[in-house]
Amino acid sequence: MPAIKQKTAQGTWAQRGFTLIELIIGMVVFAVALTLVTTLIFPQAGRSVDPIMQVRATELAATLLREIAAKSYDENGIGSIRCNDDLNDDGDFDDNGESSCTPAGNLGPDAGESRDATASNFDDVDDYNGLTQSAGQIRNSLGEVLQVAGQNLYQGFSYTIRVVYDGNTDGVADNDQRTKLISIKVTTPGQETLVFSTYRSNY
Ligand SMILES: [Ca+2]
Ligand SMILES: [Ca+2]
Ligand SMILES: [Ca+2]
Ligand SMILES: [Ca+2]
């Protein structure tokens, strides 16, 4: 027990302990300080992880968006002829060597296409519609699970991709087939959800 020195009436120094009141006040001050630390500082320590997870979610989404951006606008373009190109200007998109764009209800992988466990053969942007990958299964376009030193690079992350027609670019799906809206929803290990979107026009 620490002690305090006190001068006696004879002018010599003597030691005395804490009184009960001093001990109680000390304990109250300590309890208040502990409460402040646990309510103010400890939650901040947890939150300081969030920006790191947000950066990693952004990296993941940027990688996917780069991959998608390299694909054709639609399955149905023929060579350099885009889908919905009305070459003979007769109001019909699928005569005279033309092809219609994929109907809104069919946006997704086409026959025999996959990106999950094999090297991806996705070849147009809407093939990614509905693609979902979760913890331990996040793969690159070669079908490889992304790992560093045996650890999954995106452990605890998951994402879902949605592709819709949005010709007037208002963020709401419509039937105007000139533009596709690609949205990637990434969920972090802390269950925070971030959405990254981009538009792709029919070029
Ligand atoms: Ca035509
Ligand atoms: Ca395709
Ligand atoms: Ca497709
Ligand atoms: Ca729209």
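One can find the structure itself at the top, above this paragraph.
(A) Main features of the coordination of the calcium ion (ligand 2). Bound to the calcium ion (ligand 2) are the protein donor atoms Glu75 (OE), Asp110 (OD), Glu113 (OE), Glu113 (OE), Asp123 (OD), Asp124 (OD), Asp127 (OD) and Asp127 (OD), situated 2.3 to 2.6 Å from the metal. Each donor residue of the calcium ion (ligand 2) belongs to the same chain, with the gaps between them written as E-x34-D-x2-E-x9-D-D-x2-D. On the basis of relative accessibility, which here comes to 0%, the residue aspartate 124 falls in the buried class.

(B) A nonpolar patch on the surface, seen in detail. A cluster of nonpolar side chains, contributed by Phe18, Leu20, Leu23, Ile24, Met27, Val28, Val32, Leu36, Leu40, Ile41 and Phe42, occupies part of the molecular surface with about 1,100 Å² of accessible area. Structurally, valine 32 is set in helix α1 (residues 20-47). Overall, the relative accessible area of 48% leaves valine 32 in the partly exposed class.

(C) Just the state of the cysteines, in detail. Counting across every chain of the model gives 1 disulfide. Here cysteine 83 engages in a disulfide with cysteine 101; their sulfurs sit 2.0 Å apart. Of note, the bridge from cysteine 83 to cysteine 101 carries an S-S torsion of about 75° and is right-handed in sense. Of the two residues, cysteine 83 is situated in the loop between α2 (50-69) and β3 (132-133) and cysteine 101 in the loop between α2 and β3; the sequence distance between them amounts to 18 residues. Like cysteine 101, cysteine 83 is buried.

(D) Layout of the packing of aromatic side chains. Per the stated rule, a full pass over the model turns up 2 aromatic pairs. With centroids separated by 4.9 Å and ring planes inclined at 85°, the aromatic side chains of phenylalanine 122 and tyrosine 128 adopt a geometry described as edge-to-face. Summarising the burial analysis for this pair, phenylalanine 122 and tyrosine 128 share the class buried. With centroids separated by 5.7 Å and ring planes inclined at 85°, the aromatic side chains of tyrosine 154 and phenylalanine 157 adopt a geometry described as edge-to-face. Relative accessible area serves as the criterion here: at 0%, phenylalanine 157 is assigned to the buried category. Against the face of tyrosine 73 rests lysine 180, its NZ or CZ located 4.3 Å from the ring centre.

(E) Layout of the environment of lysine 71. With respect to the helices and strands, the residue lysine 71 is situated in the loop between α2 and β3. Between the alpha carbons of lysine 71 and aspartate 126 there is a distance of 9.2 Å; along the sequence they are 55 residues apart. Once residues within four sequence positions are removed from consideration, lysine 71 is found in contact with Phe122, Asp123, Asp124, Val125, Tyr128 and Arg200.

(F) Local environment of the coordination of the calcium ion (ligand 3). Only Gly108 (O), Asp110 (OD), Asp124 (OD), Asp124 (OD), Asp126 (OD) and Asp127 (OD) from the protein reach the calcium ion (ligand 3) as donors, at distances of 2.3 to 2.9 Å. Here the calcium ion (ligand 3) binds 6 donor atoms, and the angle range of 46 to 171° at the metal identifies the geometry as irregular. Taken as a pair, the calcium ion (ligand 3) and the calcium ion (ligand 2) show a spacing of 3.7 Å, with aspartate 110 coordinating each metal. Of this pair, glycine 108 sits in the loop between α2 and β3 while aspartate 124 sits in the loop between α2 and β3, placing them 16 residues apart in sequence.

(G) Up close: a negative patch on the surface. On the surface, a cluster of negative charge is contributed by Asp89, Asp90, Asp92 and Asp94. With respect to the helices and strands, the residue aspartate 89 is situated in the loop between α2 and β3.

(H) Fine view of the environment of glycine 77. Within the secondary structure, glycine 77 is located in the loop between α2 and β3. In the structure, glycine 77 is positioned 25 residues away from threonine 102 in sequence and 9.6 Å away in space, judged by C-alpha atoms. Residues in contact with glycine 77, not counting those within four places in the same chain, are Arg82, Cys83 and Ser99.

Procedures and definitions
Residues numbered from 1 in each chain as written. Chains lettered and ligands numbered in written order. Predicted model: local features only at pLDDT ≥ 70, side-chain atom pairs only at ≥ 80, totals over all residues. Heavy atoms only, no water. Donors = N, O, S within 2.8 Å, 3.2 Å for Na, K, Ca; no water. Buried < 20%, exposed > 50% of the residue type's maximum accessible area, 1.4 Å probe, protein only. Patch = residues over 30% accessible without salt bridge, like charges linked within 9 Å, V, L, I, M, F, W, Y side chains within 5 Å. Areas by Shrake-Rupley, 256 points an atom, 1.4 Å probe, with all protein chains shown as cover. Salt bridge = Lys/Arg side-chain N within 4 Å of Asp/Glu carboxyl O. Helix = DSSP H or I, 4+ residues; strand = E, 2+ residues; numbered from the N terminus. Disulfide = S-S within 2.5 Å. Phe/Tyr/Trp six-rings, centres within 6.5 Å; stacked < 30°, edge-to-face > 60°. Lys NZ or Arg CZ within 6 Å of the ring centre and 35° of its normal. Contact = heavy atoms within 4.5 Å. Tetrahedral: all angles 85-135°; square planar, octahedral: opposite > 155°, others 65-115°. Lys, Arg positive; Asp, Glu negative; His and termini not counted. Charge placed at Lys NZ, Arg CZ, Asp CG, Glu CD.

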